Amino acid sequence: MQAIVVQPNVASTFRAFALWCDGVKLVTWGHGSSGGRGSSTIPDQLMNVKQVRATEHAFAAIRADGTAVSWGDVNFGGDSSTVKEQLVNVQQIQANDDAFAAIRSDGTVVAWGDPFCGGNSTPVQEQLVNVHQLHATGAAFAAIRNDGTVVTWGDDHSGGDSTAVQDQLVNVQTIQGNASAFAALKSDGTVVTWGHPQDGGDSTAVKSKLVSIRIWAGKRNTWLISWVRDGKIGRKPHCSSFV
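What you see is a predicted model; the values in this text were computed from it and never measured. (Residues numbered from 1 in each chain as written. Predicted model: local features only at pLDDT ≥ 70, side-chain atom pairs only at ≥ 80, totals over all residues. Heavy atoms only, no water.)

Engineer: What should I look at first to understand the side chain of T55 in this one?
Structural biologist: For T55, the location among the structural elements is in the loop between β4 (49-54) and β5 (58-63). On the basis of relative accessibility, which here comes to 4%, the residue T55 falls in the buried class. Within the structure, T55 has its side chain in polar contact with the backbone oxygen of F76 (distance 2.7 Å). With residues near it in sequence (within four places) discarded, T55 still touches S12, T13, F76, A95, N96, D97, D98, A99 and F100. (Helix = DSSP H or I, 4+ residues; strand = E, 2+ residues; numbered from the N terminus. Buried < 20%, exposed > 50% of the residue type's maximum accessible area, 1.4 Å probe, protein only. Polar contact = N/O pair within 3.5 Å; in protein donor to acceptor, adjacent residues only side chain to side chain. Contact = heavy atoms within 4.5 Å.)

Engineer: Before we go on, may I ask you to explain the sheet that holds strand β12 (residues 150-154) in this structure?
Structural biologist: Consider a sheet: its strands pair through backbone hydrogen bonds, and that pairing is either parallel or antiparallel. Strand order across the open sheet formed by three strands is β10-β11-β12, with antiparallel pairing between neighbours. Looking at which strands have only one partner, the edges of the open sheet turn out to be β10 (131-136) and β12. Put simply, the sheet's adjacent strands are angled 20 degrees from each other on average, direction ignored. Bridge count for strand β11 (residues 140-145) against β12 is five bridges, and the pairing is antiparallel. Its bridge partner being in β12, A142 is matched across the sheet by T152. (Pairing = 2+ DSSP bridges. Axes fitted to C-alpha atoms, helices over the stretch in contact; angles between N-to-C directions.)

Engineer: Explain the side chain of T108 here, please?
Structural biologist: Inspection of the secondary structure puts T108 in the loop between β8 (99-104) and β9 (109-113). Among the polar contacts made by the side chain of T108, one reaches the side chain of D106 at a distance of 2.6 Å.

Engineer: Honestly, the pairing of strand β6 (residues 68-72) in this entry has me stumped. Any pointers?
Structural biologist: Every regular strand shows the same layout, with side chains that alternate between the two sheet faces. Of all five residues that make up β6, four are buried, and the element is covered over most of its length. Across five bridges, β5 lies against β6 in antiparallel orientation. Directly across from A60, in β6, lies its bridge partner S70. The turn joining β5 and β6, which pair antiparallel and follow one another in sequence, is formed by four residues; a positive phi near 90 degrees is taken by G66.

Engineer: What exactly am I supposed to notice about a nonpolar patch on the surface here?
Structural biologist: Nonpolar side chains collect at one region of the surface, where V10, F17, L19, V27 and W29 lie side by side and expose about 440 Å² of accessible area between them. Mapped by element, the contributors of at least two residues to the nonpolar patch are β2 (16-20) and β3 (27-30). With respect to the helices and strands, the residue L19 is situated in strand β2. (Patch = residues over 30% accessible without salt bridge, like charges linked within 9 Å, V, L, I, M, F, W, Y side chains within 5 Å. Areas by Shrake-Rupley, 256 points an atom, 1.4 Å probe, with all protein chains shown as cover. Salt bridge = Lys/Arg side-chain N within 4 Å of Asp/Glu carboxyl O.)

Engineer: Teacher, can you tell me more about the sheet that holds β6 here?
Structural biologist: Here three strands make up an open sheet; going across it, the order is β4-β5-β6 and the pairing antiparallel. What marks the edges here is a single partner per strand, and that holds for β4 and β6. Each adjacent strand pair in this sheet contributes to an overall mean axis angle of 20 degrees, direction not counted. Pairing of β4 with β5 involves five bridges; the strand directions are antiparallel. Counterpart to R53 in the pairing with β5 is A60.

Engineer: How do you make sense of the pattern of salt bridges when you look at a structure like this?
Structural biologist: A side chain of one charge can pair with a side chain of the opposite charge when the charged atoms of the two come close. Throughout the structure, instances matching the rule amount to one salt bridge. For D106, the salt bridge identified is with R104, shortest N-O distance 3.9 Å. Judged by relative accessible area, R104 falls into the buried class, the value being 19%.

Engineer: Help me out: how do you make sense of unusual backbone geometry in this one?
Structural biologist: Where the residue is not glycine, phi is negative for most of them; where a peptide bond is considered, it is trans in most cases. A positive phi angle, near 55 degrees, is found at N48, a position not held by glycine. Judged by relative accessible area, N48 falls into the partly exposed class, the value being 38%. At N130, a position not held by glycine, the phi torsion is positive, near 55 degrees. Within the secondary structure, N130 sits in the loop between β9 and β10.

None of this, on its own, says anything about what the molecule does.
If you want it as structure tokens, here you go:
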């Protein structure tokens, strides 16, 4: 008989781990206040887990039936009881440092956690329709809708306020977030940025070079953009500390 290999998955908060496989019960360990006791405190809710995301001190999981559950520090999204009835038909969960946001199959979004960091989406809830991608900085979220427009919420200084560039956020294909800024790649190969200027939210100095973008990658506080100009690939690194 041929053995069936099941690929394990792991997620972590600052002080705890969660490990799961499709069809197998999730296991957690580490500091209890950071979600390390989930498998012992809510074991019946952690079966058939498909996806897990983590804030700094809480986990959220999507189960096979499309429902979602969270555990850990209540100040970091560990308590989703206020939106429990809405966490059905969940397709994807995104996390920042302090809050979670979930896309449902109808394209609507449910958020919970620190209200100042995106856990409260009420101010933009009517705009959160036909969403197909969610992205995050450390304290804000950005949602891409099917028409290529973008909706943001959360901490203003971390990219939650995109008012200054809203008219440019059209035909967006994907978004990259770092600790406190977003960069959006548009279908014409240009890039729009917003958020903390010292962390990449202001790309004015390299605007003329941010054309014909083909590949890019990023992580918090350090991001690298590559572009094609005159048949050659160029790279513009930007590194800075969060201030």
